[in-house]
Amino acid sequence: MALAMASSDKTVLIVEDNELNMKLFNDLLDAHGYKTLQTRDGMEALDMAREFKPDLILMDIQLPEVSGLEVTKWLKADDDLQSIPVVAVTAFAMKGDEEKIREGGCEAYISKPISVATFLDTVRKFIG
Amino acid sequence: MAVFRSISVMLGAPARRSPDRGFILGQLMGGASGFAAFILYAVFIGFPGWPEAIAFVWLTSHAGFAVMALEPERDAAAKAGALASLTLFIAYLCSLTGGLASPFLPWLLVLPADGALTRQPRSIVLGVCCAAFGIILLGLVAPFGLMSLPLLTEGDGAIIRVAVALGAAVYAGTAIWSVTEAERNARARERRGALVFQAVTEGAGDLILRLSIAGELRFASAACAPLLGLTADELIGRSVFDFVLPGDRAVLADSLNDAAAMGRPTSAEVRMIKAAGGIAWVEFRCDPVRDGAWGKDADIVAVGRDTSIRRAFEDQLARAREYAERANVSKSQFLANMSHELRTPLNAIIGFSDVMRQEMFGAITVPKYKEYSGLIHDSGRHLLDLIGDVLDMSKVEAGKFDLTPEAVDSVELISKCIETVRVTAERKKVKLTANLAAAQGLVADKRALKQILLNLLSNAIKFTPAGGTVEIATASKAGWFWLGVADDGVGIGEEDLARLGRPFEQASGAYTREHEGTGLGLSLVRSFVELHGGRLEIESALGQGTTVRAFLPMTPQVRTDYAEAAE
């Protein structure tokens, strides 16, 4: 499959504390023409969301210090930021995890390990 | 006379008052002796003059007090009257026989002594007063001259004196003897009562206490020794709160106050401090008593039972439960962590290999590399499935796997599963055939059912050599859904057949080397089938192929044992 993507001006903020997974998501998005912002820290994610107003946020749930669910709660409580869709990408894939995460305010849920196709479909669903 | 009254007083007031027989007998004898003296006087001395006649009639009239005392209500009046009358009578006799020098004077002294023997302060005071009054009366009368009676001539005077003094001595002796006898009887009765009481309180094994509302101990049964290591003497007079753990004192104090205030039994369980250190749990039942034995305020009789063993058992139980709960929580936590930690690196393995096999960033020029990236991806997926199996099995074993039953289209689900394994079957050159009948109204856990199918199919394909056939068939009948997977592969030996379906065991020997797998698959299948309330049958012989049949109820039958295990 060749890279046949037209360059997009959409920006995705990736919040992920595992370097390899960050690289995977970054490369996948980059290959499909999305601009990316990266952070491995929940607090910083909130600041970056305020500063850069990304079009989509990919949120790992288990993060150092504050959890992705907490960051999502803060995002959804902020009038300026609550419209940004948050997609949880998490290795919490036990029974009940998806429900819990959706109840926490995330618009979508992708379990790790991802399927590349599903991952890209989900991103496209939100920002084309 | 009054002497006999003392007996009944000592025994404690009987519930039903009866006539004081001692007093009545005394008065009758007094009356009789007056009459007898009159007869004797008349026979030996001659017809009496007025002074003597008055004395005889007076004494005889004491029989009237006996009649009066027959009515228990007039008992006190009769006794007071008899005492006053006797005092005046003796004073009269003395005044006739020499005043203060009269031989009858000692009889006046008998009066307070008689009162003293009753041990009633009132009787003593009355006796003393009467004696004093009699003596004063004689002293007052003396200056006006005394009557001299012919019977007290010089010669006879000595005999009379001796007789009267002897009479007084005999009377006093008899009185003392009867009191002593009565006291001895009372003591014996008391001791018997005490022995019975002791036997009851000791035999009960419970700690029996009598205490004031403020907690002052008045009585403690012998059970205090084994329970607290203290004798009753060490307890009595002290406050019960000295022996109760400070934190529990309020509980006991409330119980004592409530029992007295509400007039009904209360209970309290408190920790008591043992003399040798340590504590004993004691459950008290507190009963209010108002017998006036220690004043008119209510006392409390507290019966305490040692509940230390029960408490220890309860504590042990609570600790064991807490431990089990903690262990359960940490096991669940461990499973969740394990799942998370394994999935994180798998994400990179599966994700990057997926990108590579899709040649997302450009073509792979070496065909082998493209093949390897596909193999890495497939192996990653396989590893993910295994992790899923291990976690599922752990949950089933822990009784924590909860079914989510929903309506299932069996044909659609089975077709999908066949598609999933078709690639593998084709690669192994194993033919897949299906003979599916729609099962209307099947309700099952979709994920579990899919696991059952995938495991049975991949097992069958795995153990079937190239050119073989794997057949899947379903049917439904009489509330049961039936699903069978048959292959014409290597089959299973009799010995191994028995071991199948036990987690973490693949049938031994040749298989282990020839075929990969943890043996978990079939265990999971069996567990899932049984969780639905169904049954798994395996039919096989070496070289003859294997047929596995799963029978599921159309609607899962709740397995209470699993539900309980999950509690």
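Note that this is a predicted model, so its numbers are computed, not measured.

Caption draft 1: Looking closely at the overall build of chain B. On a plain count of helices and strands, chain B comes out with 19 helices and 12 strands. The burial tally for chain B puts 39% of its 567 residues in the buried class. At a minimum sequence separation of 6, the contacts of chain B that also span at least 24 residues come to 62%. Carbon and sulfur atoms make up 62% of the accessible area of chain B, which amounts to about 30900 Å² in all.

Caption draft 2: Focus on the overall build of chain A. Along the backbone of chain A there are 5 helices and 5 strands. When the helices and strands of chain A are read in sequence order from the N terminus, they spell out β-α-β-α-β-α-β-α-β-α. In chain A, which comprises 128 residues, the proportion classed as buried is 51%. Sequence separation of 24 or more characterises 63% of the internal contacts of chain A that already satisfy a separation of 6 or more. Counting every atom, chain A has about 6000 Å² of accessible surface; 48% of that belongs to carbon and sulfur.

Caption draft 3: Layout of the sheet that holds strand β5 (residues 108-111) of chain A. All names here are of chain A. Overall, parallel pairing links the 5 strands, which are arranged β2-β1-β3-β4-β5 in an open sheet. Edge positions in the open sheet fall to β2 (35-39) and β5, since each of these has one partner strand only. Strand-to-strand twist of the sheet, defined as the mean angle between neighbouring strand axes without regard to direction, takes the value 20 degrees. Note that strand β3 (residues 56-59) and strand β4 (residues 86-90) share 3 bridges and pair parallel. Within β4, the residue paired with Ile 57 across the bridge is Val 86. Packing of helix α2 (residues 42-52) onto the sheet brings it into contact with β1 (11-15), β2 and β3, and relative to β2 it is tilted by some 150 degrees.

Caption draft 4: Layout of helix α2 (residues 21-44) of chain B. All names here are of chain B. A rise of 1.5 Å per residue sets the reference length of α2, with its 24 residues, at 34 Å; its end C-alpha atoms lie 34 Å apart and thus fit the reference within 8%. Those residues of α2 lying buried are Gly 22, Phe 23, Ile 24, Gly 26, Gln 27, Gly 30, Gly 31, Gly 34 and Tyr 41. Once α2 ends, the next one or two residues include Gly 46, with phi positive near 130 degrees.

Caption draft 5: Seen up close, the interface of chain B and chain A. In this assembly, 27 residues from chain B lie in contact with 25 residues from chain A. Between chain B and chain A the total buried area reaches about 2200 Å² when both faces are included, carbon and sulfur atoms providing 62% of it. When the buried surface of chain B facing chain A is broken down by residue, His 340, Asn 347 and Met 360 of chain B rank first, second and third, together holding 30% of it. Our count for the contact surface shared by chain B and chain A stands at 0 salt bridges. Connecting chain B to chain A are 7 residue pairs in polar contact (both at pLDDT 80 or more). Put simply, the parts of the chain that give the side of chain B that touches chain A at least two residues each are α12 (308-357) and α13 (367-397) of chain B. With 15 residues, the single largest contributor to the side of chain B that touches chain A is α12 of chain B. Class assignment for the residues of the side of chain B that touches chain A results in 12 nonpolar, 7 polar and 8 charged.

Caption draft 6: Up close: the sheet that holds strand β4 (residues 279-289) of chain B. All names here are of chain B. One open sheet accounts for 5 strands, arranged β2-β1-β5-β4-β3; its pairing is antiparallel. Edge strands, defined here as strands with exactly one partner in the open sheet, are β2 (217-220) and β3 (266-273). Mean inter-strand twist for the sheet, computed between neighbouring axes without regard to direction, equals 30 degrees. Where strand β1 (residues 207-212) lies against strand β5 (residues 299-306), 6 bridges are found, and the strand directions are antiparallel. Within the sheet, the bridge partner assigned to Leu 211 lies in β5 and is Ile 300. Contacting β1, β3, β4 and β5, helix α11 (residues 249-262) crosses the sheet at an angle of about 150 degrees to β3. In this fold α12 packs onto β3, β4 and β5, with an angle of close to 125 degrees to the strand it touches most, β4.

Caption draft 7: Representation of a positive patch on the surface. On the surface, a cluster of positive charge is contributed by Arg 187, Arg 189, Arg 191 and Arg 192 of chain B. Note on placement: Arg 189 of chain B falls in helix α8 (residues 154-203).

Rules used in this analysis
- Residues numbered from 1 in each chain as written.
- Chains lettered and ligands numbered in written order.
- Predicted model: local features only at pLDDT ≥ 70, side-chain atom pairs only at ≥ 80, totals over all residues.
- Heavy atoms only, no water.
- Helix = DSSP H or I, 4+ residues; strand = E, 2+ residues; numbered from the N terminus.
- Buried < 20%, exposed > 50% of the residue type's maximum accessible area, 1.4 Å probe, protein only.
- Contact = heavy atoms within 4.5 Å.
- Areas by Shrake-Rupley, 256 points an atom, 1.4 Å probe, with all protein chains shown as cover.
- Pairing = 2+ DSSP bridges.
- Axes fitted to C-alpha atoms, helices over the stretch in contact; angles between N-to-C directions.
- Expected span 1.5 Å × (residues − 1).
- Buried area = accessible area lost by both parts, 1.4 Å probe.
- Salt bridge = Lys/Arg side-chain N within 4 Å of Asp/Glu carboxyl O.
- Polar contact = N/O pair within 3.5 Å; in protein donor to acceptor, adjacent residues only side chain to side chain.
- Nonpolar A, V, L, I, M, F, W, Y, C, P; charged D, E, K, R; others polar.
- Patch = residues over 30% accessible without salt bridge, like charges linked within 9 Å, V, L, I, M, F, W, Y side chains within 5 Å.
- Lys, Arg positive; Asp, Glu negative; His and termini not counted.
- Charge placed at Lys NZ, Arg CZ, Asp CG, Glu CD.

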